[in-house]
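This is what each chain is made of:
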Number of protein chains: 2
Amino acid sequence: MAGSELTNVKSPRVKAARRLTKRAFREQDRRFLAEGPQAVREALKLDGVTLELFSTADAELRHPELITEARLKGVPVHRASGEVMSELSQTVTPQGLVAVCTLVHVPLDEALAEQPRLVAVLAHVRDPGNAGTVMRAADAAGADAVVFTDASVDPYNGKCVRASVGSLFHLPVVIGAPVSAAVRQLKERGLRVLAADGAGKHTLDDVDLSGPTAWIFGNEAWGLPEDVLAEADDVVRVPIYGRAESLNLATAAAVCLYSSARAQRVP
Amino acid sequence: MAGSELTNVKSPRVKAARRLTKRAFREQDRRFLAEGPQAVREALKLDGVTLELFSTADAELRHPELITEARLKGVPVHRASGEVMSELSQTVTPQGLVAVCTLVHVPLDEALAEQPRLVAVLAHVRDPGNAGTVMRAADAAGADAVVFTDASVDPYNGKCVRASVGSLFHLPVVIGAPVSAAVRQLKERGLRVLAADGAGKHTLDDVDLSGPTAWIFGNEAWGLPEDVLAEADDVVRVPIYGRAESLNLATAAAVCLYSSARAQRVP
């Protein structure tokens, strides 16, 4: 720390980071914001991903190991006033740490290069919190990749990054793949493509999940469009044993992904 | 409809409903608010639960079947102006329907009277959205009851009611049970009590879930306290196959409850 604190919310440095809260600028600048200690910790583990770190004096005291880690890696650390942090933060109670990161997604063929056995595809998923929670569940279930199709939310959205709790930095993430192209490539790689949909003929309990599998999850409100259902190898629903009409998207995705993870591991 | 519309947010009727957004008044008046078409539909299915219904003119046009159903059941329907609806609604985009309902929870011994095979216990769960999502998942997984221990969020909280998407009306819900008393009663009824915790020695894949089981889910941030872990028959974690540190509470609960549901049904 040079001892000086950023206090001017209109300074070029703050404005350059602030604009990354908008998707168009993230795409233009090829950068995004990772907020909070957990995201910053995971970002710092990847070489060259963290470009600069903003930290309040309080956060420096709470997370000295992250400040040290950033300096060791040659990442510029800027001390920011509470006002500047509020400008950069997208949470109600800012945790005092925001990193500017390079985009981390990879092309689809790269993500699928090493014989993946479990892939999650988000098609038309619009809620960033749901998308981040699915990324986290996919990571926990040991998925090899997460694919955001072209009609899905931006995984670099602040809420999505937070809900992923670092998982965005853990596994290959693909962005903007047309759903048909993704399904075709997944099939070519030998994965069975299952569309998760409440209208499925088969339930999770009826299908053999022991082989390489890609799950497609659809929109929160209206599920998956007909053409996606038609392209999948099978349409599978989570069985509803009680009186609930459905499960929410992230919950259903976690149940599907864990069913696959278990079937692939437990004889 | 008497043709007149409630437009005065200070009218006694609106104020009497409005105060139910606060827990202390819900407890005092023994009533709560169920907002949105799905919650209203499920509330109307239970005899005597819906005491009155507020509806905007727009919502009447969108959901005439609910207005008809309410009238058939002798539930007073009040047409409300947009301003009155905003006063009663706890959502950013009100859907124009709010029902005043009697409390629906039951005592613990009543909830456990009929040889339950799957029970979800929420201990120290504080986030109403998480709690509602767990209720919905428990309902979907065919659980026989959901128990909110004394240190958990109020299930009648508007956000919890919404996240449950009607499940609050589907299965017996218990409120305010001390966790020790709940564990003791569950054991007496022949249920195996499993604490879901990331520190568990066993994973979901190692335990036999085919018998009657109660799952205890803890706080979002710090899990379950030592005394609860000690009282449980076993502490079980969802296996993490990838690099995520953990799963979020509602996701982990859904994976546990569905593992039980499946083990109890699929040979």
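Residues numbered from 1 in each chain as written. Chains lettered and ligands numbered in written order. Predicted model: local features only at pLDDT ≥ 70, side-chain atom pairs only at ≥ 80, totals over all residues. Heavy atoms only, no water.

Participant: Describe unusual backbone geometry, listing the residues and the values that go with them.
Facilitator: Even without being glycine, Gln115 of chain A reaches a positive phi, approximately 45°. The phi dihedral of His124 of chain B is positive, around 65°, even though this residue is not glycine. Residue His124 of chain B is classed as buried on the basis of its relative accessible area of 15%. (Buried < 20%, exposed > 50% of the residue type's maximum accessible area, 1.4 Å probe, protein only.)

Participant: I'd like a rundown of the pattern of salt bridges, residues and numbers included.
Facilitator: All names here are of chain A. Applying the stated criterion across every chain yields a total of 27 salt bridges over all chains. Note that Glu35 and Arg162 form a salt bridge whose closest N and O atoms lie 3.9 Å from each other. Taken together, the residues span a long stretch of sequence, with Glu35 in strand E2 (residues 31-35) and Arg162 in helix H9 (residues 158-164) at a distance of 127 residues. Using a relative accessible area of 9% as the deciding quantity, one classes Glu35 as buried. By relative accessible area, which is 26% here, Arg162 ends up partly exposed. A single salt-bridge network, built from bridges that share partners, covers Arg23, Arg26, Glu27 and Asp154. (Salt bridge = Lys/Arg side-chain N within 4 Å of Asp/Glu carboxyl O. Helix = DSSP H or I, 4+ residues; strand = E, 2+ residues; numbered from the N terminus.)

Participant: Please set out the environment of Gly242 of chain A residue by residue, giving values where relevant.
Facilitator: One can find Gly242 of chain A in the loop between strand E12 (234-237) and helix H12 (249-265). The residues touching Gly242 of chain A, leaving out its near neighbours within four places in the chain, are Asp139, Ala140 and Gly142 of chain B. (Contact = heavy atoms within 4.5 Å.)

Participant: Describe the UniProt feature "domain: RNA 2-O ribose methyltransferase substrate binding" (unreviewed entry) in chain A, listing the residues and the values that go with them.
Facilitator: Mapped onto this numbering, the UniProt entry annotates "domain: RNA 2-O ribose methyltransferase substrate binding" (unreviewed entry) at residues 33-107 of chain A. Taken as a whole, residues 33-107 of chain A contains 41% helix and 25% strand, while its terminal C-alpha atoms sit 21 Å from one another. (UniProt positions renumbered as here; feature names shortened; annotations may be inferred.)

Participant: Outline helix H3 (residues 37-45) of chain A, listing residues and values.
Facilitator: Pro37, Ala39, Val40, Glu42, Ala43 and Leu44 of chain A are the residues of H3 of chain A that are buried. On the buried face of H3 of chain A, the contacting elements are E2, strand E3 (50-55), helix H5 (64-72) and strand E5 (97-102) of chain A.

Participant: Talk me through the packing of H3 of chain A against H5 of chain A; I want residue IDs and the actual numbers.
Facilitator: Residues and elements named next belong to chain A. Running from N to C, H3 and H5 point in directions that differ by 30°, and their axes come no closer than 10 Å. On the basis of their axis angle, the class for H3 and H5 is roughly parallel. Read as a crossing pair, H3 and H5 show a hand that is left-handed. Across from Pro37, Val40, Arg41 and Leu44 in H3, the residues of H5 making contact are Glu65, Leu66, Glu69 and Ala70. Residues that form the contact of H3 with H5 fall into these classes: five nonpolar, no polar and three charged. (Axes fitted to C-alpha atoms, helices over the stretch in contact; angles between N-to-C directions. Parallel < 35°, antiparallel > 145°, perpendicular 65-115°, else oblique. Left-handed = near helix turned anticlockwise from the far one by under 90°. Nonpolar A, V, L, I, M, F, W, Y, C, P; charged D, E, K, R; others polar.)

Participant: Summarise the relation of the copies chain A and chain B; cite the residues concerned and give the values.
Facilitator: Two chain copies here: they are related by a rotation about an axis and a translation along the same axis. In screw terms, the move from chain A to chain B is a rotation of 180° and a rise of 0.0 Å along the axis, fitting with an RMSD of 0.0 Å. Seen this way, the second copy is the image of the first under a two-fold rotation axis. Interface residue correspondence from chain A to chain B reaches 100%, placing this contact among same-surface, isologous pairings. (Least-squares fit on C-alpha atoms with pLDDT ≥ 70 in both.)

Participant: Describe the sheet that holds strand E10 (residues 213-217) of chain B, listing the residues and the values that go with them.
Facilitator: Residue and element names in this part refer to chain B. Strand order in the open sheet formed by seven strands is E7-E6-E5-E10-E8-E11-E9, with parallel pairing between adjacent strands. Each edge of the sheet is formed by a strand with only one pairing partner; in this case those strands are strand E7 (173-177) and strand E9 (202-203). Taken together, the three bridges between strand E8 (residues 192-196) and strand E11 (residues 234-237) define a ladder with parallel strand orientation. Its bridge partner lying in E11, Ala196 is registered against Val236. The strands that helix H8 (residues 128-140) touches are strand E5 (118-122), strand E6 (145-149), E7 and E10; relative to E6, the one it contacts most, it runs at about 155°. Sheet strands in contact with helix H12 (residues 249-265) are E5, E8 and E10, and its direction is about 175° off that of E10. (Pairing = 2+ DSSP bridges.)

Participant: So, the interface of chain A and chain B: which residues are in play, and what are the values?
Facilitator: Opposite the 33 residues of chain A that make contact, chain B presents 33 residues. Taking both partners together, chain A and chain B bury about 2800 Å²; carbon and sulfur atoms supply 55% of that area. For the interface between chain A and chain B, the tally reads two salt bridges. A salt bridge links Asp205 of chain B to Arg262 of chain A; its shortest N-O distance comes to 3.0 Å. It is H12 of chain A that provides the largest number of residues to the side of chain A that touches chain B, a total of seven residues. Here the residues of the side of chain A that touches chain B sort into 16 nonpolar, nine polar and eight charged. (Buried area = accessible area lost by both parts, 1.4 Å probe.)

Participant: Give a detailed account of H12 of chain B, specifying residues and quantitative values.
Facilitator: For H12 of chain B, spanning 17 residues, the distance from its first C-alpha to its last is 24 Å, which sits close to the expected 24 Å at 1.5 Å a residue. In terms of burial, H12 of chain B is largely enclosed, as 14 of its 17 residues are buried. (Expected span 1.5 Å × (residues − 1).)

Participant: So what's going on with empty space enclosed by the protein? Residues and values would help.
Facilitator: Residues and elements named next belong to chain A. According to the stated counting rule, one finds one cavity of 30 Å³ or more in the structure shown. Here the largest cavity defines a volume of roughly 30 Å³. Looking at the largest cavity, the residues that line it are Leu33, Ala34, Glu35, Gln90, Gly158, Val161 and Arg162. Among the elements of the structure, E2 and H9 are those that each provide at least two residues to the lining of the largest cavity. Considered class by class, the residues forming the lining of the largest cavity number three nonpolar, two polar and two charged. Both domain 1 (5-102) and domain 2 (108-265) contribute no fewer than three residues apiece to the lining of the largest cavity. (1 Å grid on protein atoms, 1.4 Å probe; cavity = no way out; pocket = protein on both sides within 12 Å on 5 of 7 lines; lining within 4 Å. Points joined across faces, edges and corners; volume = space filled by probe spheres on them. Domains from an automatic or database assignment.)

Participant: Which residues make up the pairing of strand E9 (residues 192-196) of chain A, and what values do they have?
Facilitator: All names here are of chain A. For E9, the buried fraction is high: four of the five residues fall into the buried class. Taken together, the four bridges between E9 and strand E11 (residues 213-217) define a ladder with parallel strand orientation. In the strand pairing of E11, Val193 is matched with Ala214.

Participant: I'd love a proper account of the packing of aromatic side chains, names of residues and values included.
Facilitator: Per the counting criterion, the structure on display carries eight aromatic pairs over all chains. Geometrically, the ring pair formed by Tyr258 of chain A and Tyr241 of chain B is tilted, given 6.1 Å between the ring centres and 40° between the ring planes. With one member in each of two chains, Tyr258 of chain A in helix H12 and Tyr241 of chain B in the loop between E11 and H12 form a pair that bridges those chains. A relative accessible area of 6% means that Tyr258 of chain A is categorised as buried. Through successive ring pairs, a cluster of aromatic residues spans Phe32, Tyr156 and Phe169 of chain A. Against the face of Tyr241 of chain B rests Arg265 of chain A, its NZ or CZ located 3.8 Å from the ring centre. (Phe/Tyr/Trp six-rings, centres within 6.5 Å; stacked < 30°, edge-to-face > 60°. Lys NZ or Arg CZ within 6 Å of the ring centre and 35° of its normal.)

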